[in-house]
Amino acid sequence: MNDYIIRAIAANDQIRAFAAVTTETVETARQDHNTSPVATAALGRLLTAGAMMGTMMKGDKDILTLQIKAGGPLEGITVTADSKGRVKGYVGNPDVCIPANSKGKLDVAGAVGVGFMNVIKDMGLKEPYVGQVALQTSEIAEDLTYYFATSEQVPSAVGLGVLMNKDNTVRQAGGFIVQLMPFAEESTIAKLEENVQKITSVTNLLEEGHTPESLLEKVLEGFDMEINEKVPTEFYCNCSKSRVERALISIGRKELNELIQEGKTKEAAELFGKGLGYYSSNIIHAITPYATADAGLISTVLRHLASEIEEKNPGAKEMREWAETHVEKPELKEIKRIKKPNCK
């Protein structure tokens, strides 16, 4: 894995900065989710930002979630990252294919649409921190810049980019985040703004061979820069049988058992059907594109759960028979990957 993130400070600690190259990370996401070019570009930008923002968190168990909920054909983006540079995510509609924008580029803003961005930080406290802002441009980088300024009151500049090959694989991906500390001097602010305005394209810089270190050297030109840390980053999915099983069991085993023991078979079946419908749709969505393989896993876990309930509750058999008659069963189909059209 050649992808990594660097953390740095500059101008006597008046600036903190992050930069990343995430080409392999985004390409792995593209392969796993079989995303179209514009979906890959949008997802890749948020994955890159999420990876860098994750490393801003201090705890080993801290989790950052970025959600874009908008009305475009992409149907939203969700990215989760930890403090160790591991990141994962998906889009609502990986098949989206729309015309290029007025500049002849992938129309990420058009795919995303108008909506909101949620930033959720779970740091092991009683309640997670949740910040929400309206999307300003739907280009993602500018929206994160706005988020930092309004929700965290940290003046920032965010640059993100994903460049595709003609065969729809990822050619380049990466970005930077630079932030001013509260005690930053006016001369520092003015110089940093001047530097940022000179950078018109992150992907152009990556195409020129820039690394995270040299990216920050461009952004922080004229400042003394000190690199504090280098963190590997990767697309990392921690889905497992135990995680799926815990989610399915959380349908409400205790309440379900109590209803069965009380002889409330119909109510139990309705609870089971309602809970199963909610969790199965969310689980299957989360583990895409592994749905074919994990359909068998989910079926096995459900069968195990049903057998356990039936053994411990005399009324469970009656409940199961009622559910088979009254609860609509989802149809399981094998999902085959298809080659995306070569849209620009």
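You'll find the structure just up there.
Residues numbered from 1 in each chain as written. Predicted model: local features only at pLDDT ≥ 70, side-chain atom pairs only at ≥ 80, totals over all residues. Heavy atoms only, no water.

Novice: Would you explain the packing of aromatic side chains in this entry?
Specialist: Two aromatic rings, taken as a pair, are described by how far apart their centres are and by the angle between their planes. Using the criterion set out here, one finds one aromatic pair in the structure. The ring of Tyr-236 carries the charged tip of Arg-86 above its face, separated from the ring centre by 4.5 Å. Cation over ring: Lys-230 sits above Tyr-4, and NZ or CZ is 4.2 Å from the ring centre. (Phe/Tyr/Trp six-rings, centres within 6.5 Å; stacked < 30°, edge-to-face > 60°. Lys NZ or Arg CZ within 6 Å of the ring centre and 35° of its normal.)

Novice: Please clarify how helix 4 (residues 141-151) should be interpreted in this entry.
Specialist: Residues spaced three or four apart along an α-helix face the same direction, because each turn holds 3.6 residues. Burial in helix 4 covers these residues: Ala-141, Asp-143, Leu-144, Tyr-147 and Phe-148. Across the axial projection of helix 4, the buried residues extend over an arc of 160°, all falling on one side. Each element contacted by the buried residues of helix 4 is listed here: helix 2 (37-54), strand 6 (115-122), strand 7 (129-134), strand 8 (156-164) and strand 9 (170-180). Downstream of helix 4 by a residue or two, Gln-153 has a phi angle that is positive, lying close to 55°. (Buried < 20%, exposed > 50% of the residue type's maximum accessible area, 1.4 Å probe, protein only. Helix = DSSP H or I, 4+ residues; strand = E, 2+ residues; numbered from the N terminus. Arc of directions from axis to C-beta. Contact = heavy atoms within 4.5 Å.)

Novice: For this particular structure, what's the right way to read the sheet that holds strand 11 (residues 234-235)?
Specialist: In any sheet, the strands associate via hydrogen bonds between backbone groups, in a parallel or an antiparallel arrangement. One open sheet holds the six strands; their spatial order is 7-6-3-4-5-11, and the pairing between them is mixed. With one partner strand each, in any of the chains shown, strand 7 and strand 11 form the two edges of the open sheet. Across six bridges, the pairing between strand 3 (residues 63-70) and strand 4 (residues 77-82) is antiparallel. Bridge pairing in strand 4 places Ile-68 opposite Ile-77. Packed on one face of the sheet, helix 2 meets strand 3, strand 4, strand 5 (86-91), strand 6 and strand 11 and runs near 30° to strand 4. Relative to strand 7, helix 4 is tilted by about 120°, and along the sheet it contacts strand 6 and strand 7. (Pairing = 2+ DSSP bridges. Axes fitted to C-alpha atoms, helices over the stretch in contact; angles between N-to-C directions.)

Novice: Would you mind showing me how to read the nonpolar core here?
Specialist: A general trend in soluble globular proteins is that nonpolar side chains are found buried together. Core analysis: the largest hydrophobic core is formed by 51 residues, its most contacted members being Met-53, Ile-68, Leu-74, Ile-77, Val-112 and Ile-140. Filtering out sequence-adjacent residues up to four positions away, Ile-77 remains in contact with Ala-42, Leu-43, Leu-46, Leu-66, Gln-67, Ile-68, Tyr-90, Val-91, Val-112 and Ile-140. Counting residues in each nonpolar core, the second largest holds 24 residues, with Ile-6, Ala-19, Ile-199 and Leu-205 among its members. (Core = buried A, V, L, I, M, F, W, Y, C linked by side-chain atoms within 4.5 Å.)

Novice: Help me understand the pairing of strand 5 in this model?
Specialist: Note on strand geometry: in a regular strand, side chains alternate between the two faces of the sheet. Of the two faces of strand 5, only the one carrying Val-87, Gly-89 and Val-91 is buried; Arg-86, Lys-88 and Tyr-90 on the other face are not. By the bridge criterion, five bridges tie strand 4 to strand 5 in an arrangement that is antiparallel. When the bridges of strand 5 are listed, Thr-80 appears paired with Lys-88. The loop that links strand 4 with its antiparallel partner strand 5 comprises three residues; one of these, Gly-85, has a positive phi angle of about 85°. Two elements, strand 5 and strand 11, share two bridges in a ladder whose sense is parallel. Paired with Arg-86 across the strands is Glu-234, a residue of strand 11.

Novice: Mind showing me how you'd approach the side chain of His-210 here?
Specialist: Inspection of the secondary structure assignment puts His-210 in the loop between helix 6 (202-207) and helix 7 (212-219). Taking the relative accessible area as the measure of exposure, His-210 reaches 18% and is therefore buried. In this structure the side chain of His-210 is engaged in a polar contact, spanning 2.9 Å, whose partner is the side chain of Ser-214. The contacts of His-210, once residues within four sequence positions are left out, are Val-21, Leu-205, Leu-215 and Lys-218. (Polar contact = N/O pair within 3.5 Å; in protein donor to acceptor, adjacent residues only side chain to side chain.)

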